[in-house]
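Residue-level listing of the chains:
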Amino acid sequence: MHVEVLYFGVLKDVLRRERERIELAGPVSVEALLGRIRETERGNDSLWESLAVAINGVYAGRGDLVRDGDEVALLPPVSGGLGWAA
Amino acid sequence: MRVEFYQSAIPSDELLDGIKAGPDGAVVLFDGIVRDNTRGRKTLYLVYEAYEAMALEQMRGLAAEAVERFGVRDVALAHRLGRLEIGETSVLIAVASAHRGAAFEACRWIIDTLKKTVPIWKKEHFVDGAVWADGEPFPATIVPVAAPVTPR
């Protein structure tokens, strides 16, 4: 099976890509997929721990399963709207 | 409920005029604009990007939830994407209601929630480089807080 993984914001710069197709032997948890992507990549712990993950456009938990054909988006903390937190 | 992304200027007047209806006693308008500095560092321009399909669904959900929670009549929500110059509108929220109190509350709730939950990011361009803005941490309902490491 395969999943399509999308990267946004600062992650695009860290990983130097916007998306990729990842082959998997079978359904895996979000946590396991994150671990696999992170193995070969740079980026500090706080970035990886702060990420939200969406499966097919819906926020998912770390234990949720990723299945064949899913679109999985890795989302850094968002900053839409207006200026900084202040 | 009108909820949209714009690649060019948000038509603020049109959105404001379009939302008014007979039963309304107030329209509260929030116009978020691009500031010329970040903590004193001079900003040249911003670039906004979104996970568009999901962000649009999330914004529609916020508009609908605001109507439900605060009892306002209608909400219009527009967000800009791409490059924005200083002073341009990045986000526009209009809330129409019979009474002003509910409209103020709903408008504030929408912008505060949008900032934390809708997948939109901005990159700030300065004279000497560019950085992705630090977002606020996601609410615990979206990303559970990691368990603190117990010191031995």
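What you are looking at is a predicted structure, and each value in this text was computed from that prediction instead of being measured. (Residues numbered from 1 in each chain as written. Chains lettered and ligands numbered in written order. Predicted model: local features only at pLDDT ≥ 70, side-chain atom pairs only at ≥ 80, totals over all residues.)

Draft legend 1. Quick look at the interface of chain B and chain A. The interface of chain B with chain A comprises 32 residues on the first partner and 22 residues on the second. Counting only elements with at least two residues in the side of chain B that touches chain A, the list comes to β4 (41–50), α2 (52–70), β7 (89–97), α3 (100–117) and β8 (120–126) of chain B. For the side of chain B that touches chain A, the leading source of residues is α3 of chain B, giving five residues. A per-class count over the side of chain B that touches chain A returns 18 nonpolar, six polar and eight charged. (Contact = placed C-beta atoms within 7 Å. Helix = DSSP H or I, 4+ residues; strand = E, 2+ residues; numbered from the N terminus. Nonpolar A, V, L, I, M, F, W, Y, C, P; charged D, E, K, R; others polar.)

Draft legend 2. Main features of the packing of α2 of chain B against α3 of chain B. Residues and elements named next belong to chain B. Viewed as axis vectors pointing N to C, α2 and α3 meet at an angle of 150°, and their least axial separation amounts to 10 Å. The orientation of α2 with respect to α3, classified from their angle, is roughly antiparallel. Taken as a pair, α2 and α3 cross one another with a handedness that is right-handed. Side by side, α2 and α3 meet where Gln-58, Met-59, Leu-62, Ala-66 and Phe-70 of the first sit next to Ala-102, Glu-105, Ala-106, Trp-109, Ile-110, Thr-113, Leu-114 and Thr-117 of the second. Residues belonging to the contact of α2 with α3 are distributed by class as follows: nine nonpolar, three polar and one charged. (Axes fitted to C-alpha atoms, helices over the stretch in contact; angles between N-to-C directions. Parallel < 35°, antiparallel > 145°, perpendicular 65-115°, else oblique. Left-handed = near helix turned anticlockwise from the far one by under 90°.)

Draft legend 3. How the structure looks around unusual backbone geometry. Residue and element names in this part refer to chain A. Positive phi is not limited to glycine here, since Arg-16 has a value of about 60°. Along the chain, Arg-16 turns up in the loop between α1 (10–15) and β2 (19–23). Residue classification places Arg-16 among the exposed positions, given that 10 C-beta atoms sit within 10 Å. The phi torsion at Asn-56 lies on the positive side, around 50°, for a residue other than glycine. Position of Asn-56 among the secondary structure elements: in the loop between β4 (52–55) and β5 (58–60). Overall, Asn-56 belongs to the partly exposed group, with 14 C-beta atoms counted inside 10 Å. (Buried ≥ 20, exposed ≤ 12 C-beta atoms within 10 Å, placed from the backbone.)

Draft legend 4. The pairing of β2 of chain A, seen in detail. Residues and elements named next belong to chain A. With zero of five residues buried, β2 lies mostly on the surface of the structure. Pairing analysis gives five bridges linking strand β1 (residues 2–7) to β2, with the strands arranged antiparallel. Looking at β2, one finds that Glu-4 is bridged to Arg-21. (Pairing = 2+ DSSP bridges.)

Draft legend 5. View of the sheet that holds strand β1 (residues 2–6) of chain B. All names here are of chain B. Read across the open sheet, the four strands follow the order β1-β5-β7-β2; overall the sheet is mixed. The open sheet has two edge strands, β1 and β2 (26–33), and neither has a second partner. Taking each pair of neighbouring strands and ignoring which way they run, the sheet shows an average axis angle of 5°. As defined by bridge partners, β1 adjoins strand β5 (residues 74–80) across five bridges and the pair is classed as parallel. Following the sheet pairing, Arg-2 is matched in β5 by Ala-76. Its contacts with the sheet place helix α1 (residues 12–19) against β1, β2, β5 and β7, and it is angled at close to 10° to β7.

Draft legend 6. A look at the sheet that holds strand β7 (residues 71–75) of chain A. Residue and element names in this part refer to chain A. Spatially, five strands are ordered β2-β1-β7-β4-β5 in an open sheet, and the strand pairing comes out mixed. Only two strands of the sheet have a single neighbouring strand rather than two, namely β2 and β5. Going across the sheet, the axis of each strand differs from the next one's by a mean of 30°, ignoring polarity. Sheet topology note: the β1/β7 ladder contains four bridges and is parallel. Bridge assignment links Tyr-7 to a residue of β7, and that residue is Leu-74.

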